[in-house]
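So the chains spell out like this:
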Amino acid sequence: MNGLRALVEAPEILVAPGIYDALSGHMAERAGFRAAYLSGASVAYTRFGRPDLGLVAMSEVADTLSACRERISIPLMVDADTGFGNALNVIRTVKLFARCGADAIQLEDQSLPKRCGHLDEKRLVSAGEMTGKIKAALDARPSEDVLIIARTDAVAVEGLAPALERVEAYREAGADILFVEALRSDREIAAAMTRLGGTAPLLANMVEGGKTPVKPAAELQRLGFSAAIFPGGLVRALTHTMAAWFASLAETGTTDPFRDRMLDFDALNDIVGTGDMLDLGKRYE
């Protein structure tokens, strides 16, 4: 059985922090997380300094995924946005991401250009088109070990009831994990769990300052979620630290005031495995 499938089907909720490169993935694995979520938004933020508005290309996500998979061994859930086009694009995306090491591939029912699920004025493809994309993804995956996550953004566009109808259709199409994006209140969360609970593993998205009330993993588990992602939290923490670091350096002309919040040269080399790689290289001298 796929390691990720076992994790999402286990009684304990799976917490997957958002990552955006090999170093962040390595740090997540070092911290003991059992899976990680490669966030398209976080790639846009960190690689391009741009918002999550569908600007990241399929090949750019694939390159990032390959670098992550080379460095880490825990299961990776990968944000594939809309599949980067129609059902034919979905086929190519799923095949490529699976080759690059994805354990789960997330597809959403927005139209192009897509935008962050917690922004307003999203637009959707029809439920029928999205169902076709899910079937294309299932046909394209190399085996059932690659899970397909079906996300709907319909709550903000069509309302809660139509969004839940969409997700039920996506489950009927064969999606392995269901993801109702941007539930706006405890009442909407409860309604979604009442209708969808027990039909498939359900994923919660925790976005600090977003539309969904942020809850700890234990409470999400009690509500019935099987997995929880925190996709952009690391980038928000990193950007906060960057601002403080640059401000301190600009003011003082030295990094000394920040040293208690930094790794030194040796500590960082220890984390990235410099000594191990140098030792490995000596074997071939």
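Fair warning: this is a prediction, and the values are worked out from it, not measured in the lab.

Chemist: Would you mind going over the packing of helix H4 (residues 58–71) against helix H5 (residues 87–100) in detail, with residue names and values included?
Modeler: Between H4 and H5, whose axes approach to 9 Å, the crossing angle comes to 20°. Classified by the angle their axes make, H4 and H5 are roughly parallel. By crossing handedness, the relation of H4 to H5 is classed as right-handed. Taking contact as the criterion, the partners of Met58, Val61, Ala62, Leu65, Ser66 and Arg69 in H4 are, on H5, Arg92, Thr93, Leu96, Phe97 and Cys100. Of the residues that constitute the contact of H4 with H5, the class distribution is seven nonpolar, two polar and two charged.

Chemist: Go over the pairing of strand E8 (residues 227–230) with me, naming the residues and quoting the values.
Modeler: In this structure, strand E1 (residues 14–19) lies alongside E8, joined through four bridges in parallel fashion. Bridge assignment links Leu14 to a residue of E8, and that residue is Ala227. The pairing of strand E7 (residues 202–205) with E8 spans three bridges and is parallel. Of the residues in E8, the one forming a bridge with Ala204 is Ala228. Note that the unit made of E7, helix H10 (residues 217–223) and E8 has a crossover that is right-handed.

Chemist: Run through the pattern of salt bridges, naming residues and quoting values.
Modeler: Overall, the coordinates contain 22 salt bridges when judged by the stated rule. Between Asp52 and Lys114 there is a salt bridge whose closest N-O contact spans 3.2 Å. Here Asp52 is found in the loop between helix H3 (40–48) and H4, whereas its partner Lys114 is found in the loop between strand E4 (104–108) and helix H6 (127–140), with 62 residues between them in sequence. Under the relative-accessibility criterion, Asp52 is labelled buried at 8%. The salt bridge involving Arg184 is made with Glu188; its shortest N-O contact spans 2.7 Å. Glu188 gets classed as buried once you look at its relative accessible area, which sits at 4%. Through salt bridges that share partners, Asp52, Asp81, Glu108, Lys114, Lys122, Arg151, Asp153 and Glu181 make up one connected network.

Chemist: Please give an account of the sheet that holds strand E6 (residues 177–180) that cites residues and values.
Modeler: Strand order in the closed barrel formed by eight strands is E1-E2-E3-E4-E5-E6-E7-E8, and the pairing between neighbours is parallel. If you compare each strand with its neighbour and ignore which way they point, the axes differ by 25° on average. Here three bridges tie strand E2 (residues 36–38) to strand E3 (residues 76–79), and the two strands are oriented parallel to one another. Directly across from Tyr37, in E3, lies its bridge partner Met77.

Chemist: So what's going on with the packing of aromatic side chains? Residues and values would help.
Modeler: Throughout the structure, instances matching the rule amount to two aromatic pairs. Between Phe84 and Phe97 the ring centres are 6.3 Å apart and the planes differ by 75°, which places this aromatic pair in the edge-to-face class. One end of the pair, Phe84, is in the loop between E3 and H5; the other, Phe97, is in helix H5, and 13 residues separate them in sequence. This pair shows no difference in class: Phe84 is buried, exactly as Phe97 is. Between Trp245 and Phe246, the aromatic rings sit 5.1 Å apart at their centres with planes inclined by 80°, giving edge-to-face as the arrangement. One residue, Arg261, lies across the ring of Phe258, its end atom 3.8 Å from the ring centre.

Cut-offs applied
Residues numbered from 1 in each chain as written. Predicted model: local features only at pLDDT ≥ 70, side-chain atom pairs only at ≥ 80, totals over all residues. Heavy atoms only, no water. Axes fitted to C-alpha atoms, helices over the stretch in contact; angles between N-to-C directions. Helix = DSSP H or I, 4+ residues; strand = E, 2+ residues; numbered from the N terminus. Parallel < 35°, antiparallel > 145°, perpendicular 65-115°, else oblique. Left-handed = near helix turned anticlockwise from the far one by under 90°. Contact = heavy atoms within 4.5 Å. Nonpolar A, V, L, I, M, F, W, Y, C, P; charged D, E, K, R; others polar. Pairing = 2+ DSSP bridges. Right-handed = clockwise from strand over helix to strand, strands pointing away. Salt bridge = Lys/Arg side-chain N within 4 Å of Asp/Glu carboxyl O. Buried < 20%, exposed > 50% of the residue type's maximum accessible area, 1.4 Å probe, protein only. Phe/Tyr/Trp six-rings, centres within 6.5 Å; stacked < 30°, edge-to-face > 60°. Lys NZ or Arg CZ within 6 Å of the ring centre and 35° of its normal.

Distances and angles like these do not, on their own, reveal function.
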